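# Chains, contacts and geometry: an overview
Spelled out, the chains give:
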Amino acid sequence: MAAIERAFQASWASAWMAHARANPAPATGLAIAGTAIALLLVGSVVEVLSGRAWEPLRLALLGGTAGFAATALGALPGIYLRAIPQRVEDAMLGLAAGMMLAASAFSLLLPGIEAGGAVTGSAALGGAVVVAGMALGVLLMLGLDELTPHEHAQSGPCGPGTEQVAARVGRVWLFVLAIALHNLPEGMAIGVSFAQGDIKAGLPLATAIALQDIPEGLAVVMALRSAKLAPVKAALIGAATGLLEPLGALLGVGLASGLPIAYPVGMGLAAGAMIFVVSHEVIPETHRHGHQTAATLGLMAGFAVMMMLDTGLG
């Protein structure tokens, strides 16, 4: 068994290195984003040790846990439903995409630009700081998407060594990993929004993400069931994908609770990561089956709901 394990690790490592050499840009981008995130996290350690960051940590964990609970709630009906119409599923995912886009704009980018302007003394420089954070978020997600083996329900395998990993753990788990990568920026966004310890700043975003996690959790379970998983097992796995949200929330609050400039950078990073996921994953998935109109109407409805949430709760 140990020999088989070593052979698997060697074959996957070889595939990963070959893929990274053939695609240097994602590997470089991931390294840049990882370095910047590490520096931001180091800056937040002082805040945590001083005791000033306990309230943001508590709020971020509560917000991330709400996202996990909403994902689990959405997964429950999947035990009893045999299938849902593809048009309805695409509209549900469109709704989630619209809420994520609006959350990025109203709860992350605009407050980030305002905070950046206050730190730098210039609205233009504040915007530039947020744009730099967005670039880091895109580099992070592009690198993870390109260099992490995972598989989407419709578009198939992605990343290096996917076949080796699929043979080892099964394609279902590669699909679960894809969903986990999707949930990470949502959790980061929740954590960043609570980084100042202000519940009013983070409540609209946390509420919106929790709401869109309900249809998203159901969609995940139905995809798992279509892969021939037993209903209860599919629901449990679907709910478990939401665990990345509290973990991501802790990462997000760590990114943005250090130096004052870390807050607008963290807001931009979380927004960039979410917009990347929406454009790269969610919208193409909703348009894959010829239901573009239903998906677009869902997106517009989700955007409007989030805008009203931000106005009413912010």
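## Quick word on the overall build of the chain
Within the chain, the secondary structure is distributed over 12 helices and 2 strands. When the helices and strands of the chain are placed in sequence order, the string is α-α-α-α-α-β-β-α-α-α-α-α-α-α. Burial statistics for the chain: of 314 residues in total, 51% are counted as buried. Within the chain, counting contacts between residues at least 6 apart in sequence, those at least 24 apart form 81% of the total. In the form shown here, the chain has an accessible surface area of approximately 13,600 Å², with 72% of it arising from carbon and sulfur atoms.

## Comments concerning the environment of Val 130
Mapped onto the elements, Val 130 comes out in helix 5 (residues 123-147). Distance in space between the C-alpha atoms of Val 130 and Leu 110 is 9.3 Å, their sequence separation being 20 residues.

## A closer look at the nonpolar core
Counting residues in hydrophobic clusters, the biggest one holds 55 residues, and the most contacted among them are Leu 108, Leu 140, Met 141, Ala 189, Leu 205, Leu 269 and Met 274. Ranked by the residues each element gives to this core, the list is headed by helix 11 (residues 262-286), at 13 residues. For Leu 140, the residues in contact, after removing those within four places along its chain, are Leu 30, Ala 33, Ile 37, Met 188 and Leu 269.

## A look at the pattern of salt bridges
Overall, the coordinates contain 2 salt bridges when judged by the stated rule. Note that Arg 58 and Glu 55 form a salt bridge whose closest N and O atoms lie 2.7 Å from each other. With Arg 58 and Glu 55 both in helix 3 (residues 54-75) and 3 residues apart, this pair spans about one turn of that helix. A relative accessible area of 44% places Arg 58 in the partly exposed class.

## Some words on helix 4 (residues 86-120)
The first and last C-alpha atoms of helix 4 sit 48 Å apart over 35 residues, in line with the 51 Å expected at 1.5 Å per residue. Approximately 30° is the largest bend angle found in helix 4, and it occurs at Ser 104. Phi turns positive, to about 80°, at Gly 121, one or two residues after helix 4.

## A few points about helix 11
The terminal C-alpha atoms of helix 11 lie 34 Å apart, and with 25 residues this matches the ideal 36 Å at 1.5 Å per residue to within 8%. The sharpest bend along helix 11 comes to roughly 35°, located at Val 278. For helix 11, a buried count of 20 out of 25 residues is recorded, marking the element as mostly surrounded by other parts of the structure.

## Points about the environment of Ile 113
Within the fold, Ile 113 resides in helix 4. Residue classification places Ile 113 among the partly exposed residues on the basis of a relative accessible area of 35%. Sequence spacing of Ile 113 and Gly 126 is 13 residues, and the spatial spacing of their C-alpha atoms is 5.2 Å. For Ile 113, the residues in contact, after removing those within four places along its chain, are Gly 126, Gly 127 and Val 130.

## Some details on the packing of helix 3 against helix 10 (residues 244-256)
Running from N to C, helix 3 and helix 10 point in directions that differ by 155°, and their axes come no closer than 7 Å. Comparing the axis directions of helix 3 and helix 10 gives the class roughly antiparallel. The handedness of the crossing between helix 3 and helix 10 comes out as right-handed. Side by side, helix 3 and helix 10 meet where Pro 56, Leu 57, Ala 60, Leu 61, Gly 64, Thr 65, Gly 67, Phe 68 and Thr 71 of the first sit next to Glu 245, Pro 246, Ala 249, Leu 250 and Val 253 of the second. Class assignment for the residues of the contact of helix 3 with helix 10 results in 9 nonpolar, 4 polar and 1 charged.

## Regarding the environment of Ala 230
Looking at the secondary structure, you find Ala 230 in the loop between helix 8 (199-226) and helix 9 (231-240). Given the relative accessible area of 43%, Ala 230 is considered partly exposed.

## Some words on a nonpolar patch on the surface
Taken together, Leu 73, Leu 76, Leu 211, Ile 214 and Val 305 make up a surface patch of nonpolar side chains, about 390 Å² in accessible area. Residue classification places Leu 73 among the partly exposed residues on the basis of a relative accessible area of 48%.

## A short note on the packing of aromatic side chains
For the structure on display, the rule yields 1 aromatic pair. When the centroid spacing of 5.8 Å and the interplanar angle of 65° are considered together, the rings of Phe 106 and Phe 303 count as edge-to-face. With a gap of 197 residues between them, Phe 106 in helix 4 and Phe 303 in helix 12 (residues 292-313) connect regions that are remote in the sequence. What makes Phe 106 partly exposed here is its relative accessible area of 23%.

## Notes on the packing of helix 3 against helix 8
When two helices pack together, their arrangement is given by the angle between the helix axes and the distance between those axes. At a minimum axis distance of 6 Å, the contact between helix 3 and helix 8 shows a crossing angle of 25°. Regarding the angle of helix 3 to helix 8, the classification is roughly parallel. Note on packing geometry: the crossing formed by helix 3 with helix 8 is right-handed. Of the residues in helix 8, those touching helix 3 at Leu 59, Gly 63, Ala 66, Gly 67, Ala 70, Thr 71, Leu 73, Gly 74 and Ala 75 are Ile 199, Ala 206, Ala 210, Asp 213, Ile 214, Gly 217, Leu 218 and Val 221. Split by residue class, the contact of helix 3 with helix 8 holds 11 nonpolar, 5 polar and 1 charged.

The rules behind each value
Residues numbered from 1 in each chain as written. Predicted model: local features only at pLDDT ≥ 70, side-chain atom pairs only at ≥ 80, totals over all residues. Heavy atoms only, no water. Helix = DSSP H or I, 4+ residues; strand = E, 2+ residues; numbered from the N terminus. Buried < 20%, exposed > 50% of the residue type's maximum accessible area, 1.4 Å probe, protein only. Contact = heavy atoms within 4.5 Å. Areas by Shrake-Rupley, 256 points an atom, 1.4 Å probe, with all protein chains shown as cover. Core = buried A, V, L, I, M, F, W, Y, C linked by side-chain atoms within 4.5 Å. Salt bridge = Lys/Arg side-chain N within 4 Å of Asp/Glu carboxyl O. Expected span 1.5 Å × (residues − 1). Bend = angle between axes of the 7 residues up to and from the residue. Axes fitted to C-alpha atoms, helices over the stretch in contact; angles between N-to-C directions. Parallel < 35°, antiparallel > 145°, perpendicular 65-115°, else oblique. Left-handed = near helix turned anticlockwise from the far one by under 90°. Nonpolar A, V, L, I, M, F, W, Y, C, P; charged D, E, K, R; others polar. Patch = residues over 30% accessible without salt bridge, like charges linked within 9 Å, V, L, I, M, F, W, Y side chains within 5 Å. Phe/Tyr/Trp six-rings, centres within 6.5 Å; stacked < 30°, edge-to-face > 60°.

By themselves, these are just geometric observations and shouldn't be taken as functional.
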